[in-house]
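Letter by letter, the chains look like this.
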Amino acid sequence: MDIARSLRAEARRANERRLLVLAGDPDRTRERAATALDLADVPSAETTVVGPEPFLDCEHHEQSRAEELLGRTRTAVVLDAHEELRPDAVGRTVGAVDGGGLYVLLAPSLETWPEERDGFDASLAVPPFSVEDVSGHFRRRFVETLRAHRGIAIVDVDTGTVEQDGLTDPPPSRPVPSPTPPTDAWFRSETYAQCLTDDQRDAVQAFESLQTAGEAVVVEADRGRGKSSAAGLAAGNLAAADRDVLVTGPQYRSAAEVFVRAAHLLEAFGVDFTRDRSSDPQRLDVAGAGCVRYAPPDEAALLPDGPDVVIVDEAAALPVRRLEQFLDAPAVAFTTTVHGYEGAGRGFSVRFRDRLAESDLAVTDVSMTTPIRYSDADPVEVWAFRALLLDARPPVDQLIEDATPETVEYRQLSAADLLADTHLLREVFGLLVLAHYRTEPSDLARLLDAPNLTVRALTHEGHVVAVALLAQEGGLLASTRATMYEGGRVRGNMLPDVLSTQLRDEAAGVPVGQRVLRIATNAAVRSRGLGSKLLSEIRAEFADHVDWVGVSYGATPELVRFWADNGYNTVHLATSRNATSGEYSVVMLDPCSDDGAALAARHREWFQDRIAAVLSDPLDDCDPDVVRAVLRATDGERPVSLSEWEWRLVAGVPGGASVLDTNPKPFRDLTRRHLSHPADATALSPREERLLVRKVLQAHPWSTVTEELAFVSERECMRTLGGIVERLTRLYGDPWVQEELDRHL
Ligand SMILES: CC(=O)SCCNC(=O)CCNC(=O)[C@H](O)C(C)(C)COP(=O)(O)OP(=O)(O)OC[C@H]1O[C@@H](n2cnc3c(N)ncnc32)[C@H](O)[C@@H]1OP(=O)(O)O
Ligand SMILES: Nc1ncnc2c1ncn2[C@@H]1O[C@H](COP(=O)(O)OP(=O)(O)OP(=O)(O)O)[C@@H](O)[C@H]1O
């Protein structure tokens, strides 16, 4: 195992990492890993094993807990991939290895590995498919990248052969010149002396704006660029200047760097501070001035004790709704990873950026590119980006800007097509990453190997302009359906699962469908009908083979309109918010066969029957425009059937003879009817419809509705509602009801 020693020596000399692959019999690879780390002089206190067994005397996590390494720095990480290779675990762990350190991968023989089905593959076997239907494209490609990239040693431990030594003979790393301090800085000069790169200096300087309320800073960088440290340098300064700085992030461990750097800086300032190491969360208190304190995201979101500044570390890992809560802080910074473990720090941009722009905060953006943990020529980072396509991008705008529904070609892209054309694969994956909130490395494996998934795209002159990822669902055996109905776990099959488990329809898993898992049009060519063209091509292709096409996504008014315009109708609105998007998810179906139509029809009716009651309780905070769009997208008219007494109650409201609170039910029925199938779509203005949603369906108090919808007084708000009830009564009431109405006017 001299190879381990030389790899480490080279890594140290160049301040780069090296990757050591030990392939073959599992126990033998584990023994060799122990020897290799010993020879390479890596202390066990600086090593982490990620895999099923703690076979070394060091920190250990399962692959499913790989996020424990986010934001941390280790000299060696050993990824034991014998039982399974989770692509996300690779993404999450590789960035933690320090310059001069080793990433060690334990795997079966590389010759046979792609053909073997492991634990991760089993997770791709979605009923009615079995694990034999899962292919090994991702792993084959992964092995090819191991063989093709520099800085990677491969040892066959069964034969003792060193397939490649991974040595690159790099020039020794040269000390990076310290960045020059800025000329007019508000932070104390010691701060800038502690910055390691120009990027870090610029980021720290951007944080200066947080001294005043109304400011926000967003720092975007790949891993290991020193973002958390930049935040720490800023936090130390702000605390010394009497600010109360609240730090949050998905795990304290990854935010710990903020505290390390802040404490170090306060020492350099020579100020008195106390550091509470014993308590978790940790805090630093500067004598006679401010503090830096940690709280987990759910607590921090309540802005406990009124902080002056909030720093959200690893923001991309938090749901949008959580991030939004921090916009109420006087000043706030978000640091986020662009490419890496979540695969998609970019996704941070997808929804949250709009909210940030709409807020009253003035936003300063900074990006950091120069790595700090290791040299910028590090071959292991290059390999990881390539193997996991972390840097995949859609085509540049110029190549596709002339695309229209007439110029594009509809493409059925098999895994073989994608593997044969790296550009195509990068464009497809890049577009998905860019347009969706969270796309992870495992999504790449899923796209290439899962038997239930299909990729469809529109290309313009060979470049991808829109892409959709489809999942086959339904067509389930009676036993699988029974498991689902009884609350057992069945992989995939999201729509049958929601319809049978939550909505108590055991037969929902019989019809076969294609669910649009994701769809995206390149931002440069949106709103030209390309997304709609892709959906209509998909429907045309599958209509003869499936019972339905369907979708579930976090509802926004625009998106609901997009799907509704393309023939999809609402059957369900979830009663809890989607953890990632922060929105309420809507389920929509477009039936293609009689069986599909029967499924859609019964669920539509059930939806129409329950929605008013649901909106007055669990969905009472759903955006009224989402409610309007979702109701408008329900197919099939469900008439109002009010009793005579209910009609008399309704007809009395406009003239002031009766009040809504006596019994809201008939008002809800009427509202539901009008918002889903208006007899006259122009009868009410959008604001009047919002009033109906907030007051009648969601039962908000008059005072809040008056304020939210900007009525001058509660009286005016009530009078407007009376006028609305009058118009609805005229639209839907029989002649005798109209007479009843006129009696009171
Ligand atoms: C299962 C899921 O994937 S749901 C998530 C859908 N995907 C995304 O949100 C990713 C980002 N968005 C996109 O890629 C695109 O906006 C898509 C795929 C939603 C629509 O693609 P496009 O090629 O623009 O569709 P198309 O031109 O046929 O229809 C556009 C209509 O969709 C609606 N729409 C959908 N989303 C938006 C939006 N964010 N902003 C404005 N309009 C929108 C509008 O009604 C628009 O019509 P308009 O341009 O006349 O106002
Ligand atoms: N100014 C600095 N002085 C000393 N060490 C630093 C400084 N900046 C960064 N480092 C070190 O470099 C490593 C990476 O820094 P940091 O954790 O801040 O980066 P990051 O971009 O937040 O990384 P990740 O995305 O992995 O969380 C850490 O070990 C940190 O201690």
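Predicted model only: the values in this text are computed from it and were never measured.

Asker: Teacher, can you tell me more about the overall build of the protein here?
Answerer: In terms of regular secondary structure, the protein is built from 29 helices and 22 strands. Expected size for 745 residues packed as a compact globule is a radius of gyration near 27 Å; at 29 Å, the protein falls within 12% of this value. If you line up the protein on its principal axes, its C-alpha atoms span 95 × 65 × 50 Å. Out of the 745 residues belonging to the protein, those deemed buried represent 58%. Long-range pairs, those at least 24 residues apart, make up 71% of the contacts in the protein between residues at least 6 apart in sequence. Accessible surface for the protein amounts to roughly 29,300 Å². Of this, 46% is attributable to carbon and sulfur atoms. Looking at charge distribution, the protein has the averaged site of its 79 positive side-chain charges lying 1 Å from that of its 119 negative ones.

Asker: Sorry, what's going on with the domain arrangement of the protein here?
Answerer: When the parts come together, some accessible area is lost, and that loss is often what is quoted as the size of the interface. According to the domain assignment, the protein contains domain 1 (2–165), domain 2 (189–368), domain 3 (397–610) and domain 4 (644–744). The gap between the C-alpha centroids of domain 3 and domain 4 is 37 Å.

Asker: Looking at this model, I keep getting lost on the site of ligand 1. Mind explaining?
Answerer: For ligand 1, the set of nearby residues contains 21 residues, the closest of which are Thr-521, Ser-527, Gly-529, Gly-531 and Ser-532. Here Ser-532 contributes a side-chain N or O atom positioned 2.4 Å from an oxygen atom of ligand 1. A total of 930 Å² of accessible area belongs to ligand 1 in isolation, and the protein chains cover 73% of it. Only strand E19 (512–521), helix H20 (530–542), strand E20 (548–554) and helix H21 (557–565) provide two or more residues apiece to the shell around ligand 1.

Asker: I would appreciate a short explanation of the site of ligand 2 in the present structure.
Answerer: The environment of ligand 2 is formed by 17 residues, the closest being Gln-194, Lys-227, Ser-228, Ser-229 and Glu-257. Arg-225 places a main-chain nitrogen or oxygen 3.1 Å from an oxygen atom of ligand 2. The side chain of Glu-314 places a nitrogen or oxygen atom 3.3 Å from an oxygen atom of ligand 2. Contact with the protein chains covers 89% of the free accessible surface of ligand 2, which is 620 Å². The set of elements that each furnish at least two residues to the shell around ligand 2 consists of helix H8 (227–240) and helix H9 (252–269). Here the shell around ligand 2 gets three residues from one element, more than from any other, and that element is H8. Within the shell around ligand 2, the residues separate by chemical class into two nonpolar, eight polar and seven charged.

Asker: Explain helix H19 (residues 494–502) to me, please; I cannot follow it from the model alone.
Answerer: Every α-helical turn comprises 3.6 residues, leaving residues that sit three or four positions apart pointing alike. Those residues of H19 that fall on the buried side of the exposure criterion are Leu-495, Pro-496, Val-498, Leu-499 and Ser-500. Immediately downstream of H19, the backbone of Arg-504 shows phi near 55°, a positive value.

Asker: How do you make sense of the sheet that holds strand E10 (residues 273–276) when you look at a structure like this?
Answerer: Pairing in this open sheet of eight strands is mixed, and the strands run E10-E11-E12-E9-E13-E14-E8-E15 from one edge to the other. On the outer flanks of this sheet lie E10 and strand E15 (362–368), each paired with one strand and no other. Strand-to-strand, the axes of this sheet are offset by a mean angle of 15°, without reference to chain direction. Relative to E15, strand E8 (residues 215–221) runs parallel, the two being bridged by seven bridges.

Asker: How should I be thinking about the nonpolar core in this particular structure?
Answerer: In summary, soluble globular proteins display a tendency toward joint burial of nonpolar side chains. By size, the foremost hydrophobic cluster in this structure holds 63 residues, and its most contacted members are Leu-19, Tyr-103, Phe-142, Leu-146, Trp-383, Leu-418 and Leu-447. Counting residues per element, this core draws most heavily on helix H16 (residues 422–435), which supplies eight residues. Excluding its chain neighbours within four sequence positions, the residues that come into contact with Leu-146 are Leu-19, Val-21, Leu-105, Ile-152, Ile-154, Gln-164 and Trp-383.

Asker: Please clarify how the packing of aromatic side chains should be interpreted in this entry.
Answerer: Each pair of aromatic rings is reported with the distance of its centres and the angle of its planes. Going through the model one piece at a time under the given rule, you end up with ten aromatic pairs. Each ring, one from Trp-563 and one from Tyr-568, has its centre 4.9 Å from the other, and the planes form 80°; the classification is edge-to-face. The ring centre of Tyr-374 lies 3.7 Å from the NZ or CZ of Arg-17, which sits over that ring.

Asker: Mind showing me how you'd approach the pairing of strand E22 (residues 584–591) here?
Answerer: On a regular strand, one side chain projects to one face of the sheet and the next to the other, so that they alternate. The buried fraction of E22 is high, at seven of eight residues. Here E20 runs beside E22; their pairing, made up of seven bridges, is antiparallel. Bridge assignment links Gly-554 to a residue of E22, and that residue is Ser-585. Bridge analysis of strand E21 (residues 569–577) against E22 gives five bridges, and the strand direction is antiparallel. Residue pairing for E22: Thr-570 is matched across the bridge by Met-588.

Asker: What am I meant to see in the pairing of strand E9 (residues 244–248) here?
Answerer: For E9, a buried count of five out of five residues is recorded, marking the element as mostly surrounded by other parts of the structure. As defined by bridge partners, E9 adjoins strand E12 (residues 291–294) across four bridges and the pair is classed as parallel. Across the sheet, Leu-246 pairs through a bridge with Arg-293, a residue of E12. With four bridges joining them, E9 and strand E13 (residues 309–312) adopt parallel strand pairing. The residue of E13 that forms the bridge with Val-247 is Ile-311.

Asker: Any chance you could explain the environment of Arg-638 here in plain terms?
Answerer: Counting through the fold element by element, Arg-638 comes out in the loop between helix H23 (624–632) and helix H24 (644–652). Its relative accessible area of 24% is what places Arg-638 among the partly exposed residues. Measuring from C-alpha to C-alpha, the distance between Arg-638 and Asp-199 comes to 61 Å, with 439 residues separating the pair along the chain. Not counting the four nearest positions on each side in its chain, Arg-638 is found in contact with Glu-605, Gln-608, Asp-609, Arg-672 and Arg-673. Reaching out from Arg-638, the side chain makes a polar contact with the side chain of Asp-609 at a distance of 2.7 Å.

Asker: Hey, could you run me through the pattern of salt bridges in this one?
Answerer: Side chains that differ in charge, positive against negative, can pair when their charged atoms come close. Tallying each qualifying case throughout the model produces 57 salt bridges. The partner of Arg-446 in a salt bridge is Asp-443, and the shortest N-O contact between them spans 3.0 Å. Taken together, the residues span about one helical turn, with Arg-446 and Asp-443 both in helix H17 (residues 441–449) at a distance of three residues. Judged by relative accessible area, Arg-446 falls into the partly exposed class, the value being 30%. The shortest N-O distance in the salt bridge between Lys-533 and Glu-537 comes to 3.4 Å. Of this pair, Lys-533 and Glu-537 both sit in helix H20, four residues apart, roughly one helical turn. For Lys-533, a relative accessible area of 23% puts it in the partly exposed group. Through salt bridges with shared partners, one network takes in Arg-65, Glu-67, Glu-68, Arg-92 and Glu-440.

Asker: In this structure, what is going on with the UniProt feature "binding site: ATP" (unreviewed entry) in the protein? I would like to understand it.
Answerer: When the UniProt feature table is mapped onto this chain, "binding site: ATP" (unreviewed entry) is found at Gln-200 and Arg-373. A maximum C-alpha distance of 12.7 Å places the annotated residues, which cover 174 residues in sequence, within one compact spot. Residue classification places Gln-200 among the buried positions, given a relative accessible area of 3%. Not counting residues up to four positions away in its chain, the partners in contact with Gln-200 are Gln-194, Cys-195, Gly-226, Ser-229, Ala-230, Met-368 and Ile-372. Topologically, Arg-373 is positioned in the loop between E15 and helix H13 (379–387). Residue class for Arg-373 comes out buried when judged on its relative accessible area of 14%. Here Arg-373 is in contact with Asn-15, Gly-71, Arg-72, Thr-73, Gly-95, Ala-96, Val-97, Asp-98, Gly-99, Arg-223 and Gly-224, once residues within four sequence places are set aside. In this structure the side chain of Arg-373 is engaged in a polar contact, spanning 2.9 Å, whose partner is the side chain of Thr-73.

Conventions and cut-offs
Residues numbered from 1 in each chain as written. Chains lettered and ligands numbered in written order. Predicted model: local features only at pLDDT ≥ 70, side-chain atom pairs only at ≥ 80, totals over all residues. Heavy atoms only, no water. Helix = DSSP H or I, 4+ residues; strand = E, 2+ residues; numbered from the N terminus. Rg over C-alpha atoms; globule rule 2.2 N^0.38 Å. Buried < 20%, exposed > 50% of the residue type's maximum accessible area, 1.4 Å probe, protein only. Contact = heavy atoms within 4.5 Å. Areas by Shrake-Rupley, 256 points an atom, 1.4 Å probe, with all protein chains shown as cover. Lys, Arg positive; Asp, Glu negative; His and termini not counted. Charge placed at Lys NZ, Arg CZ, Asp CG, Glu CD. Domains from an automatic or database assignment. Near = heavy atom within 4 Å. Polar contact = N/O pair within 3.5 Å; in protein donor to acceptor, adjacent residues only side chain to side chain. Nonpolar A, V, L, I, M, F, W, Y, C, P; charged D, E, K, R; others polar. Pairing = 2+ DSSP bridges. Axes fitted to C-alpha atoms, helices over the stretch in contact; angles between N-to-C directions. Core = buried A, V, L, I, M, F, W, Y, C linked by side-chain atoms within 4.5 Å. Phe/Tyr/Trp six-rings, centres within 6.5 Å; stacked < 30°, edge-to-face > 60°. Lys NZ or Arg CZ within 6 Å of the ring centre and 35° of its normal. Salt bridge = Lys/Arg side-chain N within 4 Å of Asp/Glu carboxyl O. UniProt positions renumbered as here; feature names shortened; annotations may be inferred.

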